[in-house]
Amino acid sequence: MKKIIILLLLLNLNFTNSYSIEADVFVQSTVNRAAETLGGGLTKEERMDELKKIALDTVDIRGIGFYSLGSHRKNASDEQKIEYEKAFAEYFLQSFSSRLAEYSNPIINVDSKNKINENYTIVSSTLAATDKRPAVKIDWRVYTKNKDQPLIRDLIIEGLSLARTQKEEFNSIILGADGDINALILKLKEFSNS
């Protein structure tokens, strides 16, 4: 009986691991979902709604939010962290979807992947050139600690990290308000409501 239980456990472990998603496949399927949304006959609002769903499935919004807050996170009260997290999620989804909704039929091809460590893989891709813009190099920082559910933590476009840029912008807003995190929360809410 013990042998049967051990065998079943081993089979279960192998079965579970068979569902892990490679970072490059994850990124390509994500961009394919976005391209399908953008290439369809949807209104801008419908495209934005679909893009928000894709982001909720594939992006570590919470992780990006707290990274963007930087060292100010240590000084925030628990209530401020909760309010910031909610305001950041709404800001991120609105910003992400409104920017991407302007594209039509973007073609992004995954070129390679580089496993940094057990937690992170960098997936390199190229946004294909059109007659209106040159090709754009995009690297995706994918959090792969949970192999069944990788999440995007950053986009590096032509060498510029969007998360780092956002962190610097948020730091500037907080420092401009004498270290008051509430000033940033207010700005995020204003953006989301505009």
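A few points on the structure. (Residues numbered from 1 in each chain as written. Predicted model: local features only at pLDDT ≥ 70, side-chain atom pairs only at ≥ 80, totals over all residues. Heavy atoms only, no water.)

1. Notes on the sheet that holds strand β2 (residues 120-127)
Across the sheet, which stays open at both edges, the five strands sit in the order β1-β2-β3-β4-β5 with antiparallel pairing between neighbours. Of all the strands in the sheet, just β1 (108-115) and β5 (160-161) have a single pairing partner and so form its edges. Judged from the two bridges that link them, strand β4 (residues 151-157) and β5 form a sheet pairing that is antiparallel. Directly across from Ile157, in β5, lies its bridge partner Leu160. Contacting β1, β2, β3 (136-143) and β4, helix α2 (residues 23-39) crosses the sheet at an angle of about 155 degrees to β1. (Pairing = 2+ DSSP bridges. Helix = DSSP H or I, 4+ residues; strand = E, 2+ residues; numbered from the N terminus. Contact = heavy atoms within 4.5 Å. Axes fitted to C-alpha atoms, helices over the stretch in contact; angles between N-to-C directions.)

2. Structural notes on helix α3 (residues 44-58)
Across its 15 residues, α3 extends 21 Å between first and last C-alpha, which sits within 8% of the 21 Å expected from 1.5 Å per residue. Taken as a whole, α3 has its buried residues at Arg47, Met48, Leu51, Ile54, Ala55 and Thr58. Axial view of α3: buried residues confined to an arc of 120 degrees, hence all on one face. Seen from the open side of α3, the exposed residues pointing more than 90 degrees away from its buried face are Glu45 and Leu56. (Expected span 1.5 Å × (residues − 1). Buried < 20%, exposed > 50% of the residue type's maximum accessible area, 1.4 Å probe, protein only. Arc of directions from axis to C-beta.)

3. Here we look at the environment of Arg99
Mapped onto the elements of the fold, Arg99 is located in helix α6 (residues 78-100). With relative accessibility at 57%, the residue Arg99 sits in the exposed group. For the pair Arg99 and Met48, spaced 51 residues apart in sequence, the C-alpha to C-alpha distance is 9.0 Å.

4. Things to note about helix α4 (residues 61-69)
Residues of α4 that are buried: Ile61, Ile64, Gly65, Phe66, Ser68 and Leu69. Among the structural elements, α3, α5 (72-75), α6, β4, α7 (162-176) and α8 (181-193) are those in contact with the buried residues of α4. Once α4 finishes, Gly70 follows within two positions and takes phi at roughly 60 degrees, a positive value.

5. So, the pairing of β1
As paired elements, β1 and β2 share seven bridges and run antiparallel to each other. Of the residues in β2, the one forming a bridge with Lys115 is Thr121. Between the end of β1 and the start of β2, which pair antiparallel, lie four residues.

6. Describing the pattern of salt bridges
What the rule picks out here adds up to eleven salt bridges. Between Lys53 and Glu50 there is a salt bridge; the shortest N-O distance is 3.2 Å. Taken together, the residues span about one helical turn, with Lys53 and Glu50 both in helix α3 at a distance of three residues. What makes Glu50 partly exposed here is its relative accessible area of 29%. A salt bridge links Lys86 to Glu90; its shortest N-O distance comes to 3.7 Å. Of this pair, Lys86 and Glu90 both sit in helix α6, four residues apart, which is roughly one turn of the helix. Judged by its relative accessible area of 57%, Lys86 is exposed. Three or more residues are tied together by salt bridges with common partners; here these are Glu22, Asp24 and Lys113. (Salt bridge = Lys/Arg side-chain N within 4 Å of Asp/Glu carboxyl O.)

7. Some thoughts on the environment of Tyr143
Along the chain, Tyr143 falls in strand β3. For the pair formed by Tyr143 and Asn117, sequence separation is 26 residues and the distance between their alpha carbons is 9.8 Å. Filtering out sequence-adjacent residues up to four positions away, Tyr143 remains in contact with Asn119, Tyr120, Pro150, Leu151 and Arg153.

8. Here we look at the packing of aromatic side chains
By the definition in use, this model includes nine aromatic pairs. Ring geometry for Phe92 and Phe96: centres 5.8 Å apart, planes at 10 degrees, overall stacked. Of the two residues, Phe92 and Phe96 are both situated in helix α6; the distance of four residues between them amounts to about one turn of the helix. Exposure remark for Phe96: the relative accessible area of 21% places this residue in the partly exposed category. Grouped by ring-pair contacts, the aromatic residues Phe66, Tyr84, Phe88, Tyr91, Phe92, Phe96, Phe170 and Phe191 constitute a single cluster. The aromatic ring of Phe66 is capped on one face by Arg73, whose charged end is 4.1 Å from the ring centroid. (Phe/Tyr/Trp six-rings, centres within 6.5 Å; stacked < 30°, edge-to-face > 60°. Lys NZ or Arg CZ within 6 Å of the ring centre and 35° of its normal.)

Limitation: the analysis is restricted to geometry and does not speak to function.
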